[in-house]
Amino acid sequence: MSMQTPKGRRRAAAPVPTPRVVEVITTERPRDPHRDARRRRGPFRQITEFASASGIGQKAGIALAATGLVLTVTVPATSPVMATDNAGSVTPVAASAVTPQPQVSAEAGAQIDFSRSAVVTQADPDGKLKQLLSAQSAGSVSRAASAGSLGAPLAALSTASPFGYRVSPITGGSGDFHRGQDYVAQCGTSVLAAAAGTVTFVGWHQYGGGNRVVVDHGNGLETTYNHLSSFSVTEGQTVSRGDVLALSGTTGASTGCHLHFEVQVNGEVVDPTGWL
């Protein structure tokens, strides 16, 4: 079917098309409940809140927001450690409870002595000395190797007269050779074994040493302790490093209470400081 227009043209006539029906969707899309809250907070506020929650500080967050910088920050975990019980429920546990800290306390009137510190060490000085002497004669040991292998013969060492030539305190003459090291010690001070060994002499020394103790440490090494007031050991006794051998005094060729300490290597005296 066609229709003729006033100008003489023909066009096809067709039925009027049916209008499209618009389908109304009433189902609402799921929405993030926190989206509106985030929209209401600007970027400035979001950065400052993140900084405050992560521990880097609100002022630092404001500075970051003001400069407009975008940073990747690694924040250490500061949240509580979560523990799960047998029933499967999760219980927060404080981080400090994971590693218990020891509690140190003292009474209000407690007195603490700092004059000498108690030090526990795994070092074995006697083992070092034994190793030195078993490998070679005491006379072949270098000063660098022998240093520290003998212990102090007194709890506190204070030199009164060194090893070597000096002016004699007895005669006043020069050129007197001092065979050991004199240490300050009040009469009655405990004299200690410088190392483990065997006591080979306890008695009177006829050449000025007065009451004297000699300890043999093996392989040519001996130590002697002189001018003693009394003895605490006997000949043939085995002693350990630090054992009390005697009490200091002023017997023999002495002008006052002190300890004369000698180190002998193959029968010859050497400077004790090379072994202490």
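Residues numbered from 1 in each chain as written. Predicted model: local features only at pLDDT ≥ 70, side-chain atom pairs only at ≥ 80, totals over all residues. Heavy atoms only, no water.

Topic: the confidence of the model for the protein
Considering every residue of the protein, the mean pLDDT works out to 78; 59% of them sit at 70 or more. Here residues 70-75 scores under 50 on pLDDT; set against residues more than four positions off or in separate chains, the count is two contacts. In the model, residues 117-121 has pLDDT below 50 throughout and makes zero contacts with residues more than four positions away in sequence or in other chains. (pLDDT = per-residue confidence, 0-100. Contact = heavy atoms within 4.5 Å.)

Section: the environment of Q206
For Q206, the location among the structural elements is in the loop between β10 (197-205) and β11 (210-218). Among the residues examined, Q206 registers a relative accessible area of 63% and is labelled exposed. The spacing of Q206 and G252 is 46 residues in sequence and 8.2 Å in space, taken between C-alpha atoms. (Helix = DSSP H or I, 4+ residues; strand = E, 2+ residues; numbered from the N terminus. Buried < 20%, exposed > 50% of the residue type's maximum accessible area, 1.4 Å probe, protein only.)

A word on the packing of aromatic side chains
The full count for this structure, using the stated rule, is three aromatic pairs. Consider the rings of F163 and F177, whose centres lie 5.4 Å apart with planes at 80°: the pair is edge-to-face. Of this pair, F163 sits in the loop between β5 (159-161) and β6 (164-166) while F177 sits in strand β7 (residues 176-178), placing them 14 residues apart in sequence. Ring geometry for Y165 versus F177: centroids 5.1 Å apart, planes at 65°, classification edge-to-face. Of this pair, Y165 sits in strand β6 while F177 is found in strand β7, placing the two residues twelve residues apart along the sequence. In this structure F177 comes out as partly exposed when scored by relative accessible area, which is 34%. (Phe/Tyr/Trp six-rings, centres within 6.5 Å; stacked < 30°, edge-to-face > 60°.)

Structural notes on the nonpolar core
By size, the foremost hydrophobic cluster in this structure holds 29 residues, and its most contacted members are L150, V213, L221, Y225, L245 and W275. Counting only elements with at least two residues in this core, the list comes to α4 (125-135), β10, β11, β12 (221-231), β14 (244-248) and β15 (258-265). It is β15 that provides the largest number of residues to this core, a total of four residues. In this structure V213 touches V199, F201, V202, T223, T224, Y225, L228, F231, V233 and L245, once residues within four positions along its chain are discounted. (Core = buried A, V, L, I, M, F, W, Y, C linked by side-chain atoms within 4.5 Å.)

Side note on the pattern of salt bridges
When their charged atoms lie close together, side chains carrying opposite charge are able to pair. Under the defined criterion, the tally for this structure stands at four salt bridges. With a closest N to O distance of 3.1 Å, D126 and R241 form a salt bridge. Taken together, the residues span a long stretch of sequence, with D126 in helix α4 and R241 in the loop between β13 (238-239) and β14 at a distance of 115 residues. Accessibility expressed as a relative area gives 24% for D126, which makes it partly exposed. The exposure class assigned to R241 is partly exposed, which follows from its relative accessible area of 22%. Measuring nitrogen to oxygen at the nearest pair gives 3.6 Å for the salt bridge that ties R166 to D182. A residue pair is termed long-range when its members are at least 10 positions apart, and R166 in strand β6 and D182 in strand β8 (residues 181-184) qualify at 16 residues. D182 gets classed as buried once you look at its relative accessible area, which sits at 8%. One network of salt bridges, with partners in common, ties together R166, D176 and D182. (Salt bridge = Lys/Arg side-chain N within 4 Å of Asp/Glu carboxyl O.)

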